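# Secondary and tertiary structure notes
Listed below, chain by chain, are the residues.
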Amino acid sequence: MLLSLIVPCYNEQEALPLFYRETTKVLSEMQCDYELLLVNDGSRDNTLSIMKDLAAKDPHVLYFSFSRNFGKEAAMYAGFSNARGDYVAVMDADLQDPPSLLPEMVKILESGEYDSVATRRIDRAGEPPVRSWFARRFYELINRISDADIVDGARDFRLMTRAMTDAVLSMSEYNRFSKGIFGWVGFKTYWMPYENVERVAGVTKWSFWKLFKYAIDGIINFSQAPLSIASWFGMIMTGVSFLFLIFIVVRRLIWGDPVAGWASTICVIIFIGGLQLFCLGIIGQYLAKTYMEVKNRPHFIISDTNAGHAVKIR
Ligand code: UDP
Ligand code: MG
């Protein structure tokens, strides 16, 4: 049985050596063959030279270096494309995904009852409260309006069988949102809770704004609900304007109609104009996604690797 661990790394020079030490310690105690796929996502520090050093002294290590920063989703996809394992896992380089969970995860898959073991943190310790609040609302919303079932607190850290890995690979969309993809492909998943661990070294690569945009992407990628907002607004406005029409006609017949109401007219025009732009914006978001998909660009470009086997480089 071969175990593949995919590790996306972006500016992880402090954390990567610690990650390597901890993880190999756990792996060497397990009775299985393994490969470590380190993906350098266009780091601007010494991450790549650390990877090369590790690869030089450890044949388990394969590194794949991107020509620029393509994002964590692309790094994971590159890992999936090149992993040869029977079991495949994604892990962060900052030890927030504890390698000590691996032996138990493997055992659960080996029992044959599940196709994947996913991890879920039971608390959000060490996270700013505003971020936690927005994260919770995001999970509530996306579960209501999409059929990708996404668990609050789910991490990207999960161990999958070959069958599930192939299913994930077959979803070759350009706009990737892994949490949704893992849920969408189905399969039987065992959820393993654990207490949140803070990053060992280095800093988080996600600003609040980057996370916010990622959340919007997730919604657009897995739900068509926002598109119907325009139709709903349209129907409501039509109903309201019809009632208003009746009101005006009746008023004209009973009291006559002195010319007035300039302010209210402007308000109505601006309000409807705003609504129209808002709905156009939503349609634009979907159109932009479609545009990127249609272009069919590579998800990533590998400029340097030590993997000798047929490498998928884009
Ligand atoms: N990462 C990446 N490319 C990016 C951003 C992040 O490969 O553009 C990697 C990063 O090196 C780490 C993982 O994704 O291994 C998770 O990132 P981070 O720990 O910064 O996120 P957080 O845990 O704070 O959500
Ligand atoms: Mg982290």
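Below, the structure is looked at part by part. All chains use their own residue numbering, which begins from 1 and follows the written sequence. Naming scheme: in the order in which they are written, chains are lettered from A and ligands are numbered from 1. Residues qualify for local features only when their pLDDT is at least 70, as the model is predicted, and side-chain atom pairs are given and counted only at 80 or more; totals for whole chains, interfaces and linings, by contrast, use all residues. The basis for every side-chain value is the complete set of non-hydrogen atoms in the structure, without hydrogens or water.

### So, the packing of helix 9 (residues 225-255) against helix 10 (residues 262-295)
The line we're drawing: Axes here mean lines fitted to C-alpha atoms, for a helix over just the part in contact, with angles spanning 0 to 180 degrees between N-to-C directions. For the purposes of this entry, the term helix denotes a DSSP run of H or I that reaches at least four residues, the term strand denotes a run of E that reaches at least two, and both are numbered from the N terminus. These descriptions rest on fixed angle ranges, namely under 35 degrees for roughly parallel, over 145 for roughly antiparallel, 65 to 115 for roughly perpendicular, and the rest for oblique. Handedness of a helix crossing follows the sense of rotation of the near helix relative to the far helix, less than a right angle counterclockwise being left-handed and clockwise being right-handed. The contact criterion used throughout is that any non-hydrogen atoms of two residues lie within 4.5 Å. Residues are sorted three ways: Asp, Glu, Lys and Arg are charged, Ala, Val, Leu, Ile, Met, Phe, Trp, Tyr, Cys and Pro are nonpolar, and all the rest, Gly among them, are polar.
The interhelical angle for the contact between helix 9 and helix 10, taken along N-to-C directions, is 160°, at an axis separation of 8 Å. When the interaxial angle is binned, helix 9 and helix 10 end up roughly antiparallel. Helix 9 and helix 10 meet at a crossing whose hand is left-handed. Contacts between helix 9 and helix 10 involve Pro226, Leu227, Ile229, Ala230, Phe233 and Met237 from the first element and Phe271, Ile272, Leu275, Phe278, Cys279, Ile282, Ile283 and Tyr286 from the second. Split by residue class, the contact of helix 9 with helix 10 holds 14 nonpolar, no polar and no charged.

### Brief notes about the coordination of the magnesium ion (ligand 2)
Note the following rule: Ligating atoms shown are N, O and S within 2.8 Å of the metal, or 3.2 Å for Na, K and Ca, and water is not included, meaning a site may look less than complete. Any residue under 20% of the maximum accessible area for its type is buried, any over 50% is exposed, and the rest in between are partly exposed; the area is computed with a 1.4 Å probe on protein chains only.
For the magnesium ion (ligand 2), the full set of protein donor atoms is Asp94 (OD) and Gln96 (OE1), at a range of 1.9 Å. Residue classification places Gln96 among the buried positions, given a relative accessible area of 17%.

### A closer look at a nonpolar patch on the surface
Defined as follows: Patches here are clusters of residues that have more than 30% relative accessible area and form no salt bridge, with a 9 Å joining cutoff for like charges and a 5 Å cutoff for nonpolar side chains (Val, Leu, Ile, Met, Phe, Trp, Tyr). Residue-level accessible areas treat just the shown protein chains as cover; the underlying method is Shrake-Rupley with a 1.4 Å probe. Counted as salt bridges are all cases of a side-chain nitrogen of Lys or Arg within 4 Å of a carboxyl oxygen of Asp or Glu.
Among the surface-exposed residues, Phe242, Leu243, Leu245, Ile246, Val249, Val250, Leu253, Ile254 and Trp255 lie close enough to one another that they form a single nonpolar patch of about 1000 Å² accessible area. Taking the relative accessible area as the measure of exposure, Trp255 reaches 67% and is therefore exposed.

### Focus on the site of ligand 1
Note the following rule: Neighbouring residues are identified by heavy atoms, a residue being near a molecule or strand if any of them is within 4 Å of it. Definition of a polar contact: a pair of N or O atoms within 3.5 Å, with one able to donate and the other able to accept a hydrogen when the atoms are protein atoms, and with sequence-neighbouring residues admitted only if both atoms are side-chain atoms.
Neighbouring residues of ligand 1: 17 residues in total, closest Glu12, Asp41, Asp94, Gln96 and Thr204. One of the side-chain N or O atoms of Asn69 is found 3.3 Å from an oxygen atom in ligand 1. Within the backbone of Lys72, an N or O atom sits 3.5 Å from a nitrogen atom of ligand 1. In the complex, the protein chains occlude 90% of the 530 Å² of accessible area that ligand 1 would expose alone. Per-class residue counts for the shell around ligand 1 are 5 nonpolar, 4 polar and 8 charged.

### Some points on the packing of aromatic side chains
We apply this condition: Here the aromatic set is Phe, Tyr and Trp, taking the six-membered ring for Trp, and pairing holds for ring centres within 6.5 Å; pairs whose planes are under 30 degrees apart are stacked, those over 60 apart are edge-to-face, and all others are tilted.
Per the stated rule, a full pass over the model turns up 15 aromatic pairs. Centroid distance Phe66 to Phe300: 5.4 Å. Interplanar angle 5°. Geometry classified as stacked. Within this pair, whereas Phe66 is found in strand 3 (residues 61-66), its partner Phe300 is found in the loop between helix 10 and strand 8 (302-305), the two being separated by 234 residues in sequence. For Phe66, a relative accessible area of 4% puts it in the buried group. The class of Phe300 is buried, set by a relative accessible area of 0%. For the ring pair Phe208 and Phe212, a centre distance of 6.4 Å and an interplane angle of 25° mean the geometry is stacked. With a gap of 4 residues between them, Phe208 and Phe212 both fall in helix 8 (residues 208-222), about one helical turn apart. Exposure remark for Phe208: the relative accessible area of 35% places this residue in the partly exposed category.

### A short note on the nonpolar core
To keep it simple, the criterion reads: We define a nonpolar core as any set of buried Ala, Val, Leu, Ile, Met, Phe, Trp, Tyr and Cys residues linked to one another through side-chain atoms lying within 4.5 Å.
In terms of nonpolar packing, the biggest core is built from 38 residues, with Phe66, Phe80 and Phe300 touching the most fellow members. Mapped onto this core, the elements with two or more residues apiece are strand 2 (33-40), strand 3, helix 3 (72-82), strand 4 (87-90), helix 5 (129-145), helix 6 (162-170), helix 7 (178-184) and helix 8. Take this core: its biggest share by element is 6 residues, from helix 3. Ignoring sequence-local partners within four residues, the contact set of Phe80 consists of Ile6, Val88, Val90, Met160, Thr165, Val168, Leu169 and Phe182. By size, the runner-up hydrophobic cluster in this structure holds 36 residues, among which are Leu16, Tyr20, Ala93 and Met105.

### What to know about the pattern of salt bridges
Two side chains with opposite charge may pair up if their charged atoms get near one another. This structure, assessed with the given rule, holds 11 salt bridges. Where Lys72 meets Asp92, a salt bridge forms, and the shortest distance between an N and an O atom there is 2.9 Å. Taken together, the residues Lys72 in helix 3 and Asp92 in the loop between strand 4 and helix 4 (102-110) connect sequence positions 20 residues apart. Taking the relative accessible area as the measure of exposure, Asp92 reaches 14% and is therefore buried. For Glu140, the salt bridge identified is with Arg137, shortest N-O distance 3.2 Å. Of this pair, Glu140 and Arg137 both sit in helix 5, 3 residues apart, which is roughly one turn of the helix. On the basis of relative accessible area, Glu140 is assigned to the partly exposed category, the value being 41%.

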